[in-house]
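Residue strings, one per chain:
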Amino acid sequence: MMRWLPENVSSFGGDIDAILSLIYSATLAWFFLTLGAILLFLFLYRRREGRGATYIRGDKLSEAVWILIPAVIVLVLDLWIDFRGADAWAKVKGRVPSSDLRVEVTGKQFNWEIRYPGPDGKLGTADDLQLDNELHVPVNQVVRVTLKSKDVIHSFFLPNLRLKQDILPGREVEAWFQATKPGRYEMPCSELCGFGHSGMKGWLHVHPADEYQQWVRERWPSSRQGEGSKGS
Amino acid sequence: MEASVATRTAPQILPGKVGVWWFLASEIMVFGGLISSYIVARLASSGWSAEAAHLSVPIASLNTLVLLTSSMTMVLAFGAVGRGDRRGVRTFLLCTILLGLTFLGIKAYEYSSELRAGFMPVTSPFWNFYYTMTGLHALHVLAGVITNLSLFVAARRGLRNAHRVELAGLYWHFVDVVWIFLFPLLYLT
Amino acid sequence: MTLERAHPNYVTVWVWLVVLMIAAVLVSYLPLAKSAVVFLIFVIAAVKALLVALNYMHLKFEGPVLWAIAVVPVLLVVGLTLLLFPDFVFHHH
Amino acid sequence: MAESAVAAGAGEVVHVHPEELGFWRTYVFSTDHKMIGKQYLFLGLFMAVVGGLLAYAIRWQLAFPDTEVPGWGFVGPEDYNALVTMHGTTMVFFVAMPILLGAFGNFLIPLMIGARDMAFPRLNRLSFWTLLGGSLVLLSSFFVPGGAASAGWTGYAPLSARPIYTGVNWGLNLWLLAHAIEFASFLMGGVNFLTTVMIMRAPGMTFFRLPILIWQLLTAAVVFLLSVGPLIAGAIMLLMDRIAGTSFFVPEGGGDPLLWQHLFWFFGHPEVYVVLLPAVGLAAEALPVFCRKPLFGYRWIIYSTLTTAILSFIVWAHHMFVSGMDPRLAMPFSFTTILISVPFAIMVFAMIATLWGGSIRFTTPMLFAVGFLSMFIVGGLTGIFNGSAPANIHVHATYFVVGHFHYTLLSGVLFGGLAGIYFWFPKMFGRMLNETLGKIHFWLTLITFNATFFPMHLLGLGGMMRRIANPMQYEFLQPLQPLNVFITVSAIGLLLAQLPFLINLVWSLAAGRPAEANPWEAATLEWSAPSPPPHGNWGEAIPVVYRGPYEYSPPEVAQDWLPQDRALAARPG
Ligand code: HEA
Ligand code: HEA
Ligand code: CUA
Ligand SMILES: [Cu+2]
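The structure reproduced in this document is the subject of the present report. As the structure is a computational prediction, the values presented were derived from the model and not from experiment. (Residues numbered from 1 in each chain as written. Chains lettered and ligands numbered in written order. Predicted model: local features only at pLDDT ≥ 70, side-chain atom pairs only at ≥ 80, totals over all residues. Heavy atoms only, no water.)

Side note on the coordination of the iron atom of ligand 2
All names here are of chain D.
Right, on to step 1. Those protein atoms acting as donors to the iron atom of ligand 2 are His87 (NE2) and His406 (NE2), and they sit at 2.0 Å.
Right, on to step 2. Classification of the site at the iron atom of ligand 2 as octahedral follows from its 6 donor atoms and the range of 88 to 180° in their angles at the metal. With His87 in helix H4 (residues 77-113) and His406 in helix H15 (residues 399-429), this pair connects stretches of sequence that are 319 residues apart.
Right, on to step 3. Relative accessible area serves as the criterion here: at 13%, His406 is assigned to the buried category. (Donors = N, O, S within 2.8 Å, 3.2 Å for Na, K, Ca; no water. Tetrahedral: all angles 85-135°; square planar, octahedral: opposite > 155°, others 65-115°. Helix = DSSP H or I, 4+ residues; strand = E, 2+ residues; numbered from the N terminus. Buried < 20%, exposed > 50% of the residue type's maximum accessible area, 1.4 Å probe, protein only.)

What to know about the coordination of the iron atom of ligand 1
Residue and element names in this part refer to chain D.
Right, on to step 1. For the iron atom of ligand 1, the sole protein-derived donor is His404 (NE2), lying 2.1 Å away.
Right, on to step 2. Between the iron atom of ligand 1 and the copper ion (ligand 4) the interatomic distance amounts to 4.5 Å.
Right, on to step 3. Here His404 lies in helix H15.

Here we look at the packing of aromatic side chains
Right, on to step 1. Scanning all chains against the criterion turns up 82 aromatic pairs over all chains.
Right, on to step 2. Where Trp112 of chain A meets Phe156 of chain A, the ring centres are 5.8 Å apart and the plane angle is 90°; that geometry is what we call edge-to-face. Of the two residues, Trp112 of chain A is situated in strand E2 (residues 111-116) and Phe156 of chain A in strand E6 (residues 154-158); the sequence distance between them amounts to 44 residues. There is no split in this pair, since Trp112 of chain A and Phe156 of chain A are both buried.
Right, on to step 3. Ring centres 5.5 Å apart and planes at 80° place the aromatic pair Trp153 of chain D and Phe264 of chain D in the edge-to-face group. Of the two residues, Trp153 of chain D is situated in the loop between helix H5 (121-140) and helix H6 (163-166) and Phe264 of chain D in helix H9 (residues 257-291); the sequence distance between them amounts to 111 residues. (Phe/Tyr/Trp six-rings, centres within 6.5 Å; stacked < 30°, edge-to-face > 60°.)

Digging into the pairing of strand E7 (residues 163-167) of chain A
Residue and element names in this part refer to chain A.
Right, on to step 1. Among the 5 residues of E7, 5 are classified as buried, and the element is accordingly described as predominantly covered.
Right, on to step 2. Neither face of E7 is left uncovered, since the one carrying Leu163, Gln165 and Ile167 and the one carrying Lys164 and Asp166 both have all their residues buried.
Right, on to step 3. Joining the antiparallel neighbours E6 and E7 is a turn of 4 residues, in which Arg162 adopts a positive phi near 55°. (Pairing = 2+ DSSP bridges.)

Focus on the sheet that holds strand E9 (residues 183-188) of chain A
Residue and element names in this part refer to chain A.
Right, on to step 1. Strand order across the open sheet formed by 3 strands is E4-E10-E9, with mixed pairing between neighbours. A single partner strand is all that each edge strand has here, and the edge strands are strand E4 (134-138) and E9. With strand direction ignored, the average angle separating the axes of adjacent strands in the sheet is 25°.
Right, on to step 2. Both E9 and strand E10 (residues 201-207) contribute to a ladder of 6 bridges, which runs antiparallel. Within the sheet, the bridge partner assigned to Tyr185 lies in E10 and is Leu204.
Right, on to step 3. Against the sheet, helix H3 (residues 209-219) engages E4 and E10, with an angle of about 130° to E4. (Axes fitted to C-alpha atoms, helices over the stretch in contact; angles between N-to-C directions. Contact = heavy atoms within 4.5 Å.)

Here's what the structure looks like:
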């Protein structure tokens, strides 16, 4: 089943996949146990001439342990999933690591506006650059994304990075990622946002370090090298 | 064996009363949802007190008095049912109805003066909540007035269905309790 | 059934309600800290609501079932409000 | 109330109306709980056909985007959103609730607890007619200018709060109105259920002798009554936003979109158990009868049900893990969510243990009951993926979730509901359904159901978003498109698989074999009344209850079942 997941190219994607696969093992085991028991019992205890049913009410504790002990095992598995999950959650959504690579992504009906702060590293200055539906980042660097919306709720989804974050108009939501493999990854909107929701998408371009420098140089030709790489 | 027959489950309480209380439970959740939203929205931003200051505390206090009094006349009507006092039932019901209408009248006056002063339902979050909460409450008062009116008419023909006065009373007092909270929430803070 | 039981004195209860209402209005003008005023006002409101529920709605005379029907939703509303705090009150735009 | 005077007479010898009521009073404006139950059933089935047709158009568009849907027409992206919204709304509020609560609750509660009718028969009639009105309002919204609501069945603001965002004005207002009417109807229904069970039980019918179905219906009614309020409040606010121009949920005016989500899911999550629990009850009634064995762990099931009900109020934010809510809330909600698997595990295990040592008869209702159990396990287990906050980041708003909730909802509505229909049809209409057609229906449904909804999990893991009209617009989804085609073919199969049922229904109503009072040799009270039960349900005397509902193969009698109302000389109850 896990092979249906899109290729993971983010630093935290592995943690999420590990939780998915932990839950997969736990639930698959229970699936076989319960469905197996059902089928087995249906077969073994089908109606036969001359054999009646056993009269057990299962209210007494000595009988009920047959359902209570498995329930305790379920509880243990639950706690396991919770504790492993808590770590993964803390890593992905709990704290946003600091980084001076920042972009602002604004959702609107029906595309992504992506603003780069430019060489000065600050958003809202003259050297900002805005592109539609194109997000360029260097590989292996933490990128902080400030998510905004101009109208309704959109959702910033990067299947390959296991990143999904809804964007609430009126609030700024912070997200982050660190892409581990250069390439071009699709970036759909995953929250119903109107008739153009289907097809609202952009592309994430993850560049190797030198290629990224090249891109920065092309975009901000006036700026001195080095600063550009730091700033955007 | 026959022991089970002895444990027969004859009704301990009037079905209508249980029904009305369950209905009120769901009503508590409706107003509760609104009040919850109001509280968190208000605590989340500032400046609402200044807007609330445009409301008239004297008028609202008067209205509170009217509603509290109507609750008393309503319960007195119920007391009259217990005594089999048909005249009393009708008189007190009539008082309750008139007080309910007075409340609505004062509320309408209040609305009109606020609207004239330029405070529309769309003016700001405070006014959003103010009109929605008091409006929903006023609709409940109206429903109560209509119920009481039907009981008042029915009581003319005798006290056969008089236990309904108790049920209508439960509802009427609930509407009163809601106002007991709306009053400080909107006017006094 | 409540019909047969002794009634509370409805008029006395009303007097109390009115006194409390006036008290609440007066408290709102007290030169105390805002939080103290708000606290007092809502204590008064709770007492008033309780007076109505117990006496006029006869909860005083009812069994545990009707009590539960009345109290559980109130607890749920309080819970809902508290759980909404992190997203709204503790959240700064 | 006037009804209550009659109601208070339960347990005594009560006048049974011998006089003929006319056609209108018997079939249309009836106050008889049995007729009202049937009215709910047919309304629900009709709406199921509507919802099913919408599903057909949805599926066709997804498999063959932007081609004409045969028999339907071209589906544009805005039409698609309306289809999805109306499909979800119809199925949850106008199919699942009317059938599982309305039909079975009204038909069975008085019969199972030994009452002659509901506590408030006229309120009952009103609640049905209200629901019918709501259904008509919902259906009419297809035909207003701008089309039907298209903001999802969850109606997230601000998309739903301002007509400009969707281009739908009246459609969405009517959608809200239909909800208001539906909620009013089920509030009346819920109050009626609760009051009836609390005070109209037959002599000897203690709470721990109530059939499990009654417990489930009670719990569902309480959960509904206590959870719907905040959404009603939210709906009023949303309507104000739309009509009066306030901005409760619109940030430009100082509102907050997140508030709507909290209010919606405070109700939305409990609601799924409102739908599921009655289905658990339906299956739990059928299992002991066809295993000839008491329901295993009756009391444990009740305790688990109550635990589920309590927990259901503190898990709602698991729908909002990535909504932008405070991330510190996620793990507590994730914890409570996953914890719900424990009470459900007890219920599921108890039902499995009921099979153990039985003498199992594979009748159609039994097949559907086991189908419910098996399919619910799958749906419940996939719920754990959703419920783990970090795993949810990936699967949220994908077809994984769509797969999850069709397994859970349809195990309830389709398998549980059909188990109920096949089981009580003889009691409802006095005729037997055809078993062969029933079995064909079951196997076709089971196979096409799994073929339709299982692959959705794979699509979801692959990242396919829900509520998109055209998967081919995305490069990463194009390789998955064959799965979409497969699902669509299966879904059409699933729709067609219902034909044997509809044929069976119509044919058996007219010409089925007449049913005796107790064709399944079951022990609960409804089987002690004639099939179909007359007005007032029992003749002169109400049955008296001596024992619990599931005394199958008890040692003290030769027969393999002991009805709840049979007095035994030897053993005191
Ligand atoms: C009848 C309907 C129904 C039922 C019963 C459930 C049951 C559950 N649901 Fe589901 N759910 C829906 C209907 C339902 N759901 C719907 C309609 C939506 C989508 C709404 C929308 O967005 O449109 C949804 C969405 C949904 C989400 C949000 C997904 C998202 O949008 O991101 C989550 C997240 O936690 C969730 C979790 C659960 C859980 C944990 C259960 C649990 O109750 C399941 C418990 C049962 C079991 C676990 C099986 C039995 C137990 C065992 C066999 C023991 C072994 C188990 C373990 C070791 C764990 N559901
Ligand atoms: C009980 C609820 C229910 C039921 C029964 C169904 C039934 C079906 N649904 Fe459902 N669906 C939802 C509830 C339900 N759905 C919800 C809540 C959503 C979310 C909406 C949103 O996102 O806003 C959704 C969304 C949804 C989507 C996602 C669309 C999207 O996100 O873009 C899809 C896609 O394939 C789909 C397909 C189907 C199919 C093929 C069926 C088929 O199984 C249909 C089979 C046909 C029938 C069941 C009817 C005919 C049957 C009879 C007449 C026999 C008797 C019937 C009974 C006893 C019930 N549904
Ligand atoms: Cu933007 Cu969907
Ligand atoms: Cu949920």
